[in-house]
Amino acid sequence: MFGFFSKLKTNANRKRLKDEKFAFLFDADTSGEVVVFDTETTGLDVSKDEILSIGAVKIKENKILTSQTFEVFLQNSKEISSASIKIHGIRPVDLKNAKTTKEGIEEFLHFVGARPLVGYYLEFDVGMINRYTKEMLGITLPNQMIEVSEIYFDKTISLIPQGNIDLRFDTILKNCAVPNMGVHNAVNDAIMTAMIYLKLTKGINK
């Protein structure tokens, strides 16, 4: 029953597509790959904040395809607060050669294609992307979504029956024995999330 309603939702989303050049987003994925991605933003309000950068990397089988990383910086219309700069380190000068939102989002969509998307608290990152795709193309991302914190919770709950599980990123990194790459940016966060995903699903960290 769930699959039936999911298909109805996808079909309705497909009918809203304004540009048939992006119909490939609705194709069946045959790549055998997933895309792990992360965004850096001006804040945490999906309704008004903007994306400053997107980082992504592909996984195929048990390998992170580091030769196929994706990174793009986007122009923004608002002043970047000092508080957010402390988090992501992106300064106005770093966006001097940034791409327009349209260019950057389109490049990201071509990189992703119809592949499943993996992330840490993915709902926020997808919500930010959807804010742009709704305006540009009339649709939300139709890709399958895979949340690593949910996988971690499911793997851990049997060991901690009371359910008091720490889902902070640094905690998951430590408990999965994944090295912290230190520098906080979209690409590094995507790669660390990819390593967590492999550790949880394949037992392999590569």
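Above this text is the structure in question.
Every value quoted in this text rests on a predicted model; they were computed, and no experiment measured them.

Caption draft 1: Examining the side chain of Thr171 more closely. Relative to the elements of secondary structure, Thr171 occurs in helix α6 (residues 169-175). Only 2.9 Å separates the side chain of Thr171 from the side chain of Asp166, close enough to count as a polar contact.

Caption draft 2: Expanded view of unusual backbone geometry. Despite not being glycine, Glu61 has its phi angle at roughly 55°, a positive value. Notably, Ala177 is not glycine yet its phi reads approximately 55°, a positive angle. Residue placement: Ala177 occurs in the loop between α6 and α7 (186-201). Overall, Ala177 belongs to the exposed group, its relative accessible area being 53%.

Caption draft 3: The arrangement of the pattern of salt bridges in detail. Applying the stated criterion across every chain yields a total of seven salt bridges. For Glu106, the salt bridge is made with Lys102, and the minimal N-O distance between the two is 2.8 Å. On the criterion of helical spacing, the pair formed by Glu106 and Lys102 is a turn pair, its members being four residues apart in helix α3 (residues 101-112). We note a salt bridge from Asp166 to Arg168, for which the minimum N-O separation is 2.6 Å. Overall, the relative accessible area of 56% leaves Arg168 in the exposed class.

Caption draft 4: Representation of the sheet that holds strand β1 (residues 33-41) in the model. With mixed pairing, five strands are arranged side by side in an open sheet as β3-β2-β1-β4-β5. The sheet is open, and its two edges are formed by β3 (63-73) and β5 (145-147), each paired on a single side. The mean inter-strand angle of the sheet, taken between neighbouring strand axes irrespective of direction, is 25°. Alignment of strand β4 (residues 117-119) against β5, held across three bridges, turns out to be parallel. Bridging across to β5, Leu117 finds its partner in Met145. Relative to the sheet, helix α5 (residues 148-156) contacts β4 and β5, its axis offset from that of β5 by approximately 50°. Each of β1, β2 (51-60), β3, β4 and β5 touches α7; the most contacted strand, β2, lies at about 35° to it.

Definitions and limits used
Every chain is numbered independently, its residues counted from 1 as its sequence is written. Local features in this predicted model are restricted to residues of pLDDT 70 or higher, and side-chain atom pairs are both shown and tallied only at a pLDDT of 80 or more, whereas totals for entire chains, interfaces and linings draw on every residue. Excluding hydrogens and water, the side-chain figures rest on all heavy atoms present in the structure. Only DSSP runs of H or I reaching four residues or more are called helices, and only runs of E reaching two or more are called strands; each is numbered from the N terminus. Under this definition, polar contacts are N or O atom pairs within 3.5 Å; protein pairs additionally need one hydrogen-donor-capable and one acceptor-capable atom, and for neighbouring residues in sequence, both atoms have to be side-chain atoms. Buried residues are those whose accessible area, probed at 1.4 Å on protein chains only, stays under 20% of the maximum for their type, while exposed residues exceed 50% and partly exposed ones sit between those limits. When a carboxyl oxygen of Asp or Glu lies within 4 Å of a side-chain nitrogen of Lys or Arg, that pair is called a salt bridge. Strand pairing follows a simple DSSP-based rule, namely that at least 2 bridges must link the two strands. Working convention: axes come from line fits to C-alpha atoms, limited for helices to the stretch in contact. Angles between N-to-C directions cover 0 to 180 degrees. What makes two residues a contact is simply this: any of their non-hydrogen atoms within 4.5 Å.

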